[in-house]
Amino acid sequence: MRSFILLLAFFNISQIKAQVCFASSVIPFSPGYEPNSVVVADFTGDGKTDLAVAIGHYYGNFNNRIAMLYGNGSGGFSTPNYITLVNQPLCMIGKDFNQDGKMDLAMISTNNAISVMLGLGTGSFSAATNFSITSVPFSLISDDFNGDGIWDLATANNASNTISVLQGIGNGNFGPAVNMPGAIHQVKIISSDFNNDSKIDLATANVNPNSVSVYLGSGTGNFGSAITYSLSTVPSSYPTSLSTSDFDSDGDIDIAVTIYDAGVSMLIGNSTGNFTAGGNYLANVIPKVIINDDFNNDGKTDLAVGNSSTDDISILTGYGNGTFNAPVNKLVGDEPLALASSDFNNDGKMDIVCANSFNYNLSIWLNAALPIVTVTSGIDTLCEGDFVQLNAIGASTYTWSTSQNGNTILITPSVTTTYTIIGTDVNACIDTTNYTQIVTDC
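The model shown is predicted, which means the values in this text are computed figures rather than measured ones. Position numbers for residues start from 1 in each chain and track the written sequence from start to end. Reporting in this predicted model follows two pLDDT cut-offs: at least 70 for local features of residues, and 80 or more for side-chain atom pairs to be given and counted; totals over whole chains, interfaces and linings ignore these cut-offs and use all residues. Hydrogens and water are ignored here; the side-chain numbers use all heavy atoms of the structure.

Draft legend 1. Representation of the overall build of the protein chain within the structure. Labels follow the DSSP assignment, with helices taken as runs of H or I lasting at least four residues and strands as runs of E lasting at least two, numbered in each case from the N terminus. Helix and strand content of the protein chain: zero helices and 36 strands. Its C-alpha atoms give the protein chain principal-axis dimensions of about 90 × 45 × 35 Å. Relative accessibility thresholds used throughout: buried, under 20% of the residue-type maximum; exposed, over 50%; partly exposed, between the two (1.4 Å probe, protein chains only). The buried share among the 442 residues of the protein chain stands at 54%. Summed over its atoms, the accessible surface of the protein chain is roughly 17700 Å², and 52% of this surface lies on carbon and sulfur atoms. Asp and Glu are treated as the negative residues and Lys and Arg as the positive ones, with His and the ends of the chain left uncounted. Where a charge lies is defined by one atom per residue type, namely NZ (Lys), CZ (Arg), CG (Asp) and CD (Glu). The distance from the centre of the 12 positive side-chain charges to the centre of the 37 negative ones in the protein chain is 3 Å. Surface exposure here means Shrake-Rupley accessible area, sampled with a 1.4 Å probe, where a residue is shielded only by the protein chains that are shown.

Below is the structure:
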């Protein structure tokens, strides 16, 4: 019996097992209806996840609408039901602002205001109430900034380089905007408790300079001066979006930052509200939006990044220590501007919705099972010089390390040989397995 083993493998599969598989579908809007933000919630009170989508172009005040899509609990959604607005809705978010158990909406309006629409619990809303803010707000967040159990609002204002804070009253109304100094050209604002004092803090992504600024909250609705962290020095790069979570599992909140032309940069937090530079990770070309969730159900936080130039989403699965696998890129539509995640079909796995602005549609990604490829041989132990057929099942297409394709191949190995097989399913998801054909002298 020969003792030689030949390994035929030509793929680098170190990252393949880290992938997440999604089955995709598309929901179209009317021509010219450009989605720019998505809110995921149960707007009808039936226990099923619905979608509210802000329709309107950042650079023009037309087709001003909200599209409501009602979920069926199995991953499907109704055709869009449109609510016509006077002003263009941008950066829409959802909270129960009047504490009636029904989801409401707030959005930046093109008349330099925040528009709030109170939910009726049927998927419909009251007429918008507008709250004036400083000129050219660019990003909106809601949290309880003063610890009274009522949702407040904050905007990052691009032209005036300020942050506006509006304290909620609890009935859906808000006090007047209180402005504080911000950074230059802020494009995103987020909130979290960065220093573990049970008080909500703020952070902004700033184009000029290329940085993230953190404002520690006092718990009264006021915030301290900016603590600013410089980012990548790549020419023409700047932050485009932020996402917060405890990515390294140490109990402190960290920040993931998408950088124009430079991927994702990590800021690792400590219990004092300070941050140190973490790793830098590739996404694809011109990442503009980022969210986090546990997409592969391993208890560790992953990232999803929307890339506007390559029109795809990069999934970076996390190790739970603040580092991530290389991205798996999957195409969506033209100019993905907004991402959100939830379990749309109640299977215990996180799904994704992506707003594709220039295609006038939504991509719905349902978290699907990865293919499992198995290989069998017509003869378990082959005599040297004989041939045998190998059979693969579990995927749609197969590529073998012999450079052959198809679910069956004929082999004539002279020694015991290990073959690598990559199977790809209908969702373009991959599984890789090895099969060793034993060869003996007969």
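This is not the end of the story, as more comes after the structure.
Draft legend 2. Fine view of the sheet that holds strand β12 (residues 152–157). Pairing in this open sheet of four strands is antiparallel, and the strands run β11-β12-β13-β14 from one edge to the other. The open sheet has two free edges, formed respectively by β11 (137–143) and β14 (178–181), since each of these has just one partner strand. Within the sheet, the average angular offset between the axes of one strand and its neighbour, ignoring direction, is 25°. Strands are treated as partners if at least two bridges between them are detected by DSSP. Where β11 and β12 come together, six bridges link them in antiparallel fashion. Bridging across to β12, Asp143 finds its partner in Asp152. Axes, fitted as lines to C-alpha atoms, cover a helix only where it is in contact. Angles between the N-to-C directions of the axes lie from 0 to 180 degrees.

Draft legend 3. The arrangement of the nonpolar core in detail. We define a nonpolar core as any set of buried Ala, Val, Leu, Ile, Met, Phe, Trp, Tyr and Cys residues linked to one another through side-chain atoms lying within 4.5 Å. Core analysis: the largest hydrophobic core is formed by 18 residues, its most contacted members being Leu51, Leu69 and Leu362. Only heavy atoms enter the contact rule, under which two residues are in contact if any of them lie within 4.5 Å. Setting aside its immediate chain neighbours within four residues, Leu69 contacts Ile27, Phe29, Asp50, Leu51, Val53, Phe77, Ser78, Pro80 and Leu362. Core analysis: the next-biggest nonpolar cluster, separate from the first, contains 17 residues, Val214, Leu231, Leu242 and Leu267 among them.

Draft legend 4. Region of interest: the packing of aromatic side chains. In this analysis, rings of Phe, Tyr and Trp, with Trp reduced to its six-membered ring, are considered paired at centre separations within 6.5 Å, and the interplanar angle assigns stacked below 30 degrees, edge-to-face beyond 60, and tilted for intermediate values. Considering all chains together, one arrives at 14 aromatic pairs under this definition. By way of ring pairs, the aromatic residues Phe22, Phe295 and Trp365 are connected into one cluster. Only when the NZ atom of a Lys or the CZ atom of an Arg is both within 6 Å of the ring centre and within 35 degrees of the ring normal do we say a charge sits over the ring. The ring of Trp151 has Lys95 sitting right over it, with the charged end atom 3.9 Å from the ring centre.

Draft legend 5. Broad picture of the environment of Leu153. By secondary structure assignment, the location of Leu153 is in strand β12. The buried category is assigned to Leu153, whose relative accessible area is 0%.

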